[in-house]
Amino acid sequence: MRSEKLRNDEKLCKSYIDGILEEPCINPEKCPFLHDVAKYIALPGTLKSKIDKECYVFKTYGRCFRGLTCLFSKSHTDTENKNMVNIELWTQMKPVFESTHGNILDRDTQQQLRTRKFDFSQIDSICNNVEKAIKLKREAKLNVIPVVADETEKIIKTIGPITDEDEIVVRPEEIKKVDWKNKLYLSPLTTVGNLPFRRLCVDFGADITCSEMSLANSILQGTPHEFALHRRHPSEKIWGVQLCASNAVVAAKACHILDKVGVEYDFVDLNMGCPLDNVFQLGAGSGLMCRGNKVESVAKTMSAVLGSKNKPFTVKMRAGVKTDKYIAHDLIKLCRDSGVSAVTVKESIIYIINF
C-alpha cells in the first residue's frame, strides 16, 4: 500500500540530506522544507515509509544521493543518522555515476544563454557563408547578375595571422563516417527512449542509439530539463543527439552549445517527422518537410557546422505530410546533395538510406 504524501514542511531540505549540513540553504527564511534532522526522523510518516532492504544505488556506486530521504536509507545510515559512503567503491564508480546523473548545464553557461551573452560568432560566420552560397546558386538559376562591389571600395588592412575555419567548409567525404552496416539501430522515441530504456535495448543487442527529441529553442534558452535528455551511458557505443528546429541558425547554435558543455555525441539527427500540432505549426518536425528552401538551408548549414567538428549529420523524415502524397523522394535527393550522411524514412517500415 502506498504511503501518504508528505507536506512540504515534513520534507527534509536537500542541504541536510546527508544528515549534516553539507551546503548552506540558499534561502533559509523562505525555504518551505525542514532544517531539523531529528524532527524529520521523528515524524511518523518517515519511519513508516522506510523499507528494510538494501539500497541498489548504494550497493552499485558506494553512495546514495537521496541520503536520509531514500526509502532504503536504513542500509546506508549509521547510528547518528548520517549518510554513509563506501569510499573505495565510490572512487571507482564516480565517473560512471556522474556521466548519467550529473548536471550537464553549468550555471555560468545557463546565465550566458539566458542573458544572450553566449559567443556564437563562429556559428554566425558559417551560417552567413552558407546562406550567401545558397543565394548565389538561386540567383544563377534565375539568371540574375549579382551586384558587384565598387572596386574603389577601401580594403581593410589586417595585421597578424587569421584563421580560415569559418571560410573552409569540410567536404562530405572528409567527415567522420558512422558504419551503419549490419548494425541494429534503435529509433529515437520521445518520452520512451530515455536512458534506462536505451540501456536495456543495448543489453538486448542494439548497436546504435539516439536521444529523445529535444527542442533547439529550449536549448538556446538554457532549459535544464532539455539538457537532461542528452545524458549518455558508457554502454552506448554509438550514440546520437536528435534535435527539432524550424530554421538553420537555431539548429546550428544548439549543436554548438551541446558541444561546448561537453556532450559527447557521435552524430546529430534532425527530426523532420514529428506530427505534434505545437511543433508542426512552428514549421519544425514534419512541418519542415513542407518548406523545401528551409530544408536545403538547414541541411547545408548543419552539415557545415558539424563538419567543422568532424561529426556526421543525419535526417529522419516521413514519406509525406499529406495523405497519398509522398514527397520524401525529392527531399532525399536534396539532403544527399547538401552533405547529409544518412536519411531515415518512416512509413509503415523504417528505411535507412546511407550516403
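Here goes a summary of the coordinates provided. Model, not experiment: these values are computed from the prediction.

Let's shift gears to empty space enclosed by the protein. Space left empty within the atom packing is revealed by a probe, the size of a water molecule, rolled over the atoms. All told, the structure shown has 2 cavities of 30 Å³ or more when counted by the stated rule. One number sums up the size of the second largest cavity: a volume of about 40 Å³. Along its surface, the second largest cavity is lined by Leu270, Met272, Leu288, Val295, Val298, Ala299, Phe313, Val315 and Cys335. Listed by contribution, the elements that provide at least two residues to the lining of the second largest cavity are β4 (267-272), α12 (292-308) and β5 (313-318). Counting residues per element, the lining of the second largest cavity draws most heavily on α12, which supplies 3 residues. When the residues that make up the lining of the second largest cavity are grouped by side-chain class, the tally is 9 nonpolar, no polar and no charged.

In this section: helix α13 (residues 328-337). Those residues of α13 that sit buried are Ala328, Leu331, Ile332 and Cys335. Along α13, the residues classed as buried sweep out an arc of 105° about the axis, all on the same side. With its phi angle positive at about 95°, Gly339 sits one or two positions after the end of α13.

In this section: the environment of Gly320. If you trace the backbone, Gly320 turns up in the loop between β5 and α13. As for Gly320 and Leu331, which are separated by 11 residues in sequence, their C-alpha atoms are 10.0 Å apart. Once you skip the residues sitting within four places of it in the chain, Gly320 turns out to touch Met289, Lys325, Tyr326 and Ile327.

The rules behind these values
The residue count restarts for each chain, going from 1 along the sequence in the order it is written. Predicted model: local features are reported for residues with pLDDT of at least 70 only, side-chain atom pairs are reported and counted for 80 or more only, and whole-chain, interface and lining totals are derived from all residues. The basis for every side-chain value is the complete set of non-hydrogen atoms in the structure, without hydrogens or water. Using only the protein atoms, space was sampled on a 1 Å grid; points where a 1.4 Å probe fits but cannot get out form cavities, open sets with protein on both sides within 12 Å along at least five of seven lines form pockets, and lining residues are those with an atom within 4 Å of a point. Grid points are joined across faces, edges and corners, and a volume is the space filled by probe spheres set on the points. The secondary structure listing takes helices from DSSP runs of H or I that are at least 4 residues long and strands from runs of E that are at least 2 residues long, numbered from the N terminus. Nonpolar residues are Ala, Val, Leu, Ile, Met, Phe, Trp, Tyr, Cys and Pro. Charged residues are Asp, Glu, Lys and Arg, and all others, Gly as well, are polar. When a residue's accessible area, from a 1.4 Å probe over protein chains only, is under 20% of the maximum for its type it is buried; when over 50% it is exposed; and in between it is partly exposed. Taking the helix axis as origin, the arc is that swept by the directions to the C-beta atoms. The contact criterion used throughout is that any non-hydrogen atoms of two residues lie within 4.5 Å.

Interpretation in functional terms is not warranted from these geometric data alone.
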